[in-house]
Amino acid sequence: MIIRGYSLKAISELLGIAFGTSKVHCKNLYKKLGINSQAELFAIFLDEILLIPEAIPPNKK
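Structure report, in brief. For clarity, every value in this text was computed on a predicted model and none was experimentally measured.

Moving on: the overall build of the chain. Scanning the chain from terminus to terminus reveals three helices and zero strands. Listing every helix and strand of the chain by position from the N terminus yields α-α-α. Of all 61 residues assigned to the chain, the portion counted as buried reaches 13%. Taking the contacts inside the chain whose residues are at least 6 apart along the sequence as the reference set, 27% of them involve residues at least 24 apart. Accessible surface, the chain: about 5,000 Å² in total, of which carbon and sulfur atoms supply 62%.

With that settled, consider the side chain of Ser 12. Mapped onto the elements of the fold, Ser 12 is located in helix 1 (residues 8–15). Note on Ser 12: relative accessible area 4%, which makes it buried. In contact with Ser 12, not counting residues within four places along its chain, are Ile 17, Ala 18, Phe 19 and Ser 22.

Within the element layout of this structure, Ala 18 appears in the loop between helix 1 and helix 2 (19–33). The spacing of Ala 18 and Leu 8 is ten residues in sequence and 9.8 Å in space, taken between C-alpha atoms.

Glancing now at the packing of helix 1 against helix 2. Any two packed helices are characterised by the angle at which their axes cross and by the distance between the axes. Put simply, helix 1 and helix 2 touch, their axes get as near as 8 Å, and they point 115° apart. The two elements helix 1 and helix 2 meet at a crossing, and its hand is right-handed. Packed against helix 1, whose contacting residues are Leu 8, Lys 9, Ile 11 and Ser 12, the element helix 2 presents Phe 19, Ser 22, Lys 23 and Cys 26 at the interface. Of the residues assigned to the contact of helix 1 with helix 2, the class counts are four nonpolar, two polar and two charged.

Thresholds applied
Residues numbered from 1 in each chain as written. Predicted model: local features only at pLDDT ≥ 70, side-chain atom pairs only at ≥ 80, totals over all residues. Heavy atoms only, no water. Helix = DSSP H or I, 4+ residues; strand = E, 2+ residues; numbered from the N terminus. Buried < 20%, exposed > 50% of the residue type's maximum accessible area, 1.4 Å probe, protein only. Contact = heavy atoms within 4.5 Å. Areas by Shrake-Rupley, 256 points an atom, 1.4 Å probe, with all protein chains shown as cover. Axes fitted to C-alpha atoms, helices over the stretch in contact; angles between N-to-C directions. Left-handed = near helix turned anticlockwise from the far one by under 90°. Nonpolar A, V, L, I, M, F, W, Y, C, P; charged D, E, K, R; others polar.

Pasting the structure below:
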């Protein structure tokens, strides 16, 4: 949901959890990934997406 651009407030409402809970989960995610912003999260996402075709053997495409 973060990658899709949802705010933490919107995520909280959609999941039916407290805003503080979504904030803590986001903080923990960023800490585990060693990042500090949504832009850095998006960059990691793009890097992973770009690696997917390389992981698929040519005869499986």
